[in-house]
Amino acid sequence: PPPRKKTPASDDIAFFHSGIRGESAQAILVVIRGEKYWLPKSQLTNWNQSKVIMSRWVAIEKGLI
């Protein structure tokens, strides 16, 4: 797993995904609930092969919540 990107905030939210499908210098591509999402690494607290923790505003912007 990658190193922790930032200190978790109280409004961070976790989602399980079915694996990392792609990666660029600034984002990762994951599948959550059958949909593909590019997520900015700068807004991720942590991620691994099954879970991603992100800022709540990113989850709202992407339509996850």
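Quick look at the structure, then.

What counts, and at which threshold
Every chain is numbered on its own, with residues counted from 1 as its sequence reads. Only residues with pLDDT of at least 70 get local features here, since the model is predicted, and only at 80 or more are side-chain atom pairs given and counted; chain-wide, interface and lining totals rely on the full set of residues. Only hydrogens and water are removed before side-chain values are computed, so all heavy atoms of the structure are retained for them. DSSP-based pairing: two strands are paired if at least 2 bridges between them are found. A run of H or I in DSSP counts as a helix once it spans at least four residues, and a run of E counts as a strand once it spans at least two, with each numbered from the N terminus. Here an angle of 0 to 180 degrees is reported between the N-to-C directions of two axes, which are lines fitted to C-alpha atoms, with helices fitted over the stretch in contact. Contacts described as polar in this section are N or O atom pairs within 3.5 Å, which, within protein, must combine one atom able to donate a hydrogen with one able to accept it, while residues neighboring in sequence count only if both atoms come from side chains. The term salt bridge refers to a side-chain nitrogen of Lys or Arg lying within 4 Å of a carboxyl oxygen of Asp or Glu. Whether a residue is buried, partly exposed or exposed follows from its accessible area with a 1.4 Å probe, protein chains only, as a fraction of its type maximum: under 20%, in between, or over 50%, in that order. By nonpolar core we mean a set of buried residues, namely Ala, Val, Leu, Ile, Met, Phe, Trp, Tyr and Cys, connected to one another through side-chain atoms within 4.5 Å.

**With respect to the sheet that holds strand E3 (residues 27–32)**
- If you trace the three strands from one edge of the open sheet to the other, you get E2-E3-E4, paired in antiparallel fashion. Two strands bound the open sheet, and with one partner strand each, they are strand E2 (20–23) and strand E4 (35–40). Each adjacent strand pair in this sheet contributes to an overall mean axis angle of 25°, direction not counted.

**Quick notes on the environment of Lys41**
- By the secondary structure assignment, Lys41 is in the loop between E4 and strand E5 (44–47).
- For Lys41 and Ser24, which are 17 residues apart along the polypeptide, the C-alpha to C-alpha distance reads 9.2 Å.
- Within the local environment of Lys41, its side chain forms a polar contact with the backbone oxygen of Ser24, the two atoms lying 2.9 Å apart.

**Concerning the pattern of salt bridges**
- Counted according to the given criterion, the structure contains one salt bridge.
- Across the pair Lys41 and Glu23 runs a salt bridge whose closest N-O atoms are separated by 2.7 Å. One end of the pair, Lys41, is in the loop between E4 and E5; the other, Glu23, is in strand E2, with 18 residues separating them in the sequence.
- The exposure class assigned to Lys41 is buried, which follows from its relative accessible area of 13%.
- Using a relative accessible area of 52% as the deciding quantity, one classes Glu23 as exposed.

**Here we look at the nonpolar core**
- Phe15, Leu39, Val52 and Met54 are the most contacted members of the largest nonpolar core, which totals 14 residues.
- For this core, the elements supplying multiple residues, two or more each, are strand E1 (12–16), E3, E4, E5, strand E6 (51–55) and helix H1 (56–61).
- When residues in this core are grouped by element, the largest group, three residues, is from E3.

Bear in mind that shape data such as this cannot, by itself, settle questions of function.
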